[in-house]
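# Report on the structure
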Amino acid sequence: MTTSPATEINDASELRHQLVEQLLADNHIRSAAVEHAFRTVPRHTFAPGVAVEAAYANDVVATRHNGDGTVTSSISAPWLQADMLEAARIQPGHRVLEIGSGGYNAALLAKLVGPTGHVTTLDIDPAVTERAISFLPEAGYDRVSVVTADAEHLPAGVVPDGGFDAIVVTVDTWDLPWIDALADGGRLIAPLRLHGYHWAIGFTRNKGALHSDEPLIVCGFVAMQGDGAWNTNRRTVPGTGVHLSWEDGTPLPVNHLTPAFTREPTITRTSIMVGGQEPFDLLQLYLAGALPGFCRLEVDPDGEILNPPPRHWPAAAIVLGASLARLATERIDDGDDGKGRYEFVVQGYGDQGLLAAREMAAQVEQWQRNHRRACFPLITACKASECAPADTDHEPHVFAKKHTRITVSWPTVPANSALPTSPGNCVPA
C-alpha cells in the first residue's frame, strides 16, 4: 500500500502544528508573528530524504557532511531557531541578512518581514546555497536573495543603504565583523564563542557598538568556515594525553607541565553545591574572564592521567608556571530529586598547583557570593579599531578578537533585596 501525496501533506501539517504547540508550551515561541511563521513554513521541504517525523522533531537535522563525517550544514533545532527569531525582533518591512544558509530559517525570516521586506541568505559553501536556491521557491519563498560568499568579507552591494535592520548568524562564530553592516538600532543575533563556550546572544547596535539585553542561550552550531574560522590553539602536554586550548588569550607553554601529573593532585574544596542536572555554564564563562592563564582541558578517553576524566568537559583550567589547576565536581549525596548533589572542588597539579587551585576556588566563591543569583551578564562588542588598547596582558572579563573587543559585565546580587533564583529572568538596571 502506498501513501498518497495528500496524506503526506496532511501528516506534515499535523506534525508541524504539534511542534508549534510544544514550542509554545516551552516558551520558545512568544509572539504571534513567530508562531505564524512556524505554522506556515514547511520544514520538511528543506530536508528531502529525511522522514517527515524527523523533520518535525525538536532537534537538529544534519544536511551536509565533510569527508570525515563532521556536520558542515544543518537545519538548527526548532527551539533554538524560535529563541533566536524572537530575540531578533523582526518586523514587516525589515531588511535582514542571514549568515549560514540552507533555506528553512531564511523562509521563516521571509515570512516575518513580509512582502515589503527583504531577506538575504549567505553561505560560503556552493552546495549549501544551491540547496537554498532549489528549496526556497519550492516552499513559496522565491524572493529571498541567495549569495555564495565568505561572510568575513560581505560582497559589495549586499549591504543596503543604511544597513540591515537585523543580522541573524546561524554558524558558530568566534568574532563579530558585521557591526558596520547593521543599521543603528538594528539587531544582531549570533552564536558567539568566548573561550570555547558557545552562547547565542542578542545585540542592539547603539553608537557604533553592540549591546546585549537578553539572557544568553547555551547552544551549538556548525563551525564558521573561511577567513572567520576559529583556531582552538590546542596544545598537548607530552606523555599525558592531556590537551589544553586557548581560543582567547595567549597560549602558554605546556611541555614543562608533564612532571605536574606524576603525583596525586591537591584538592581545594569550595563548599559550593550544584545539582546533578543543574547547568553551571555561566560559572565557567565567569572563570574564563576572571583568571589569567585560563584554558580548556580535555583528556584522552583511554588515558590514565586525570582518571576519571572531567564530567563536564572540556573543563575549566588555569596554568601557573609549571603547574595547573582544574575545576571538578565531587558527588556529595543523591540530592532532593535523586539526581545527585555535587560540590565544586579544584584539583591542583605541580609545585604551585595548590596556589593555582586556591586562586580558582576564590573566584568560584566570588561568583557564588556576588553573581550566581544575579541577573544574566551583559555583553558589549566594540570595533577593535575604536577600543582603547588593554593596559595588561589580562584584562578581567575582556576578550580580544580580530575585529572586536568583547566585554562581559556581571551584575552583582543587591544587598538585602529579593533575588531571582536563577539568572536570565530579569534585566539589570
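For the structure, check the block above.
Overview of the structure. (Residues numbered from 1 in each chain as written. Predicted model: local features only at pLDDT ≥ 70, side-chain atom pairs only at ≥ 80, totals over all residues. Heavy atoms only, no water.)

## Some points on the packing of aromatic side chains
Per the stated rule, a full pass over the model turns up six aromatic pairs. Ring centres 5.0 Å apart and planes at 45° place the aromatic pair Phe-261 and Tyr-349 in the tilted group. Here Tyr-349 lies in strand β17 (residues 341-349) and Phe-261 lies in the loop between β12 (242-245) and β13 (266-275), a separation of 88 residues in the sequence. Residue classification places Phe-261 among the buried positions, given a relative accessible area of 8%. Residue class for Tyr-349 comes out buried when judged on its relative accessible area of 5%. Ring plane angle 85° and centroid distance 5.3 Å describe the contact between Tyr-286 and Trp-410, whose orientation is recorded as edge-to-face. Of this pair, Tyr-286 sits in helix α7 (residues 281-290) while Trp-410 is found in the segment after β20 (404-409), placing the two residues 124 residues apart along the sequence. As far as the burial class goes, Tyr-286 and Trp-410 line up, both buried. (Phe/Tyr/Trp six-rings, centres within 6.5 Å; stacked < 30°, edge-to-face > 60°. Helix = DSSP H or I, 4+ residues; strand = E, 2+ residues; numbered from the N terminus. Buried < 20%, exposed > 50% of the residue type's maximum accessible area, 1.4 Å probe, protein only.)

## Some remarks on the sheet that holds strand β14 (residues 294-299)
Spatially, the seven strands line up as an open sheet ordered β11-β12-β14-β15-β16-β17-β13, and their pairing is antiparallel. Sheet topology places β11 (234-237) and β13 at the edges, where each strand pairs with a single neighbour. On average, each strand axis in the sheet is inclined to that of its neighbour by 35°, with strand direction left out of account. The pairing of β11 with β12 spans four bridges and is classified as antiparallel. Counterpart to Val-237 in the pairing with β12 is Val-242. Sheet strands in contact with helix α8 (residues 353-370) are β13, β15 (315-320), β16 (323-333) and β17, and its direction is about 20° off that of β13. (Pairing = 2+ DSSP bridges. Axes fitted to C-alpha atoms, helices over the stretch in contact; angles between N-to-C directions. Contact = heavy atoms within 4.5 Å.)

## Digging into the packing of helix α2 (residues 32-40) against helix α5 (residues 104-113)
One way to put it is that α2 packs onto α5 with a least axis distance of 9 Å and a crossing angle of 130°. For the element pair α2 / α5, the angle class is oblique. Judged by the sense of rotation from one axis to the other, the crossing of α2 with α5 is right-handed. Counting all contacts with α2, which are made through Ala-33, Val-34, His-36, Ala-37, Phe-38 and Thr-40, the residues of α5 involved are Tyr-104, Leu-108, Lys-111 and Leu-112. Considered class by class, the residues forming the contact of α2 with α5 number seven nonpolar, two polar and one charged. (Parallel < 35°, antiparallel > 145°, perpendicular 65-115°, else oblique. Left-handed = near helix turned anticlockwise from the far one by under 90°. Nonpolar A, V, L, I, M, F, W, Y, C, P; charged D, E, K, R; others polar.)

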